[in-house]
Amino acid sequence: NAGVTQTPKFQVLKTGQSMTLQCAQDMNHEYMSWYRQDPGMGLRLIHYSVGAGITDQGEVPNGYNVSRSTTEDFPLRLLSAAPSQTSVYFCASSSAGTSPSEQYFGPGTRLTVT
Amino acid sequence: SQQGEEDPQALSIQEGENATMNCSYKTSINNLQWYRQNSGRGLVHLILIRSNEREKHSGRLRVTLDTSKKSSSLLITASRAADTASYFCAYPTGTASKLTFGTGTRLQVTL
């Protein structure tokens, strides 16, 4: 099992550009989520999904879109990048459908917006 | 914000000593989890304690949960240099069971 994979590992964007951060898991987990990690802030939930076709907003959803067309994939789209979106992004998955149990994290994507 | 608070923010100890970090949260929960993050890496799940448990052990880890005080502690006994990492508590919040993370404790274990 590869677990949770994320691509790319590093990305530099200019303000206003759009891009998609990819996340995939091969554990047949129903629950997937995206977090951003900023210094001194811990992890903050951006969007999450409790199953294919079902997504919902987390604590800091503005500027991000998600979709969940398959169990395996949960891409995060930045619509128009802003410097405030400079952060490290983590994708996570867990086996519980509506009540999270332990989460498995990907290695992260370090995004810089100039 | 429902983000939990952890203290201390940073902790430096020598190998062989015990390390204790604390987490306080603001809502009713049905479980609380602890994660470790090595520098530049993703988070790794350490232990989960349910709301009807007061204490749980896993190897050199001991977790306590006091739901009346809305607090939890993580004790690492006989610490090693390899324990150097950031440690986060996390718990479900809201009706949709979103997971909220604490602000983290940075642990440095020196030889």
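The rules we used
- Residues numbered from 1 in each chain as written.
- Chains lettered and ligands numbered in written order.
- Predicted model: local features only at pLDDT ≥ 70, side-chain atom pairs only at ≥ 80, totals over all residues.
- Heavy atoms only, no water.
- Phe/Tyr/Trp six-rings, centres within 6.5 Å; stacked < 30°, edge-to-face > 60°.
- Helix = DSSP H or I, 4+ residues; strand = E, 2+ residues; numbered from the N terminus.
- Buried < 20%, exposed > 50% of the residue type's maximum accessible area, 1.4 Å probe, protein only.
- Lys NZ or Arg CZ within 6 Å of the ring centre and 35° of its normal.
- Contact = heavy atoms within 4.5 Å.

Throughout the structure, instances matching the rule amount to 9 aromatic pairs over all chains. Here the aromatic rings of Tyr35 of chain A and Phe105 of chain A are separated by 5.8 Å at their centres, their planes lie at 35°, and the arrangement is tilted. Of this pair, Tyr35 of chain A sits in strand β4 (residues 31-38) while Phe105 of chain A sits in strand β10 (residues 104-105); the two residues are 70 residues apart in sequence, bridging distant segments of the chain. Taking relative accessible area as the criterion, Tyr35 of chain A reaches 0% and is therefore assigned buried. Centroid distance Tyr25 of chain B to Tyr91 of chain B: 5.5 Å. Interplanar angle 45°. Geometry classified as tilted. Within this pair, whereas Tyr25 of chain B is found in the loop between β3 (19-24) and β4 (31-37), its partner Tyr91 of chain B is found in strand β9 (residues 85-93), the two being separated by 66 residues in sequence. Exposure remark for Tyr25 of chain B: the relative accessible area of 6% places this residue in the buried category. The class of Tyr91 of chain B is buried, set by a relative accessible area of 0%. A cation over a ring is seen here: Arg68 of chain A above Phe74 of chain A, with NZ or CZ 5.9 Å from the ring centre.

Moving on to the side chain of His45 of chain B. Within the secondary structure, His45 of chain B is located in strand β5 (residues 43-50). With a relative accessible area of 18%, His45 of chain B lands in the buried category. His45 of chain B has contacts with Glu102 and Gln103 of chain A together with Gln33, Trp34 and Tyr35 of chain B, leaving out every residue within four places of it along the chain.

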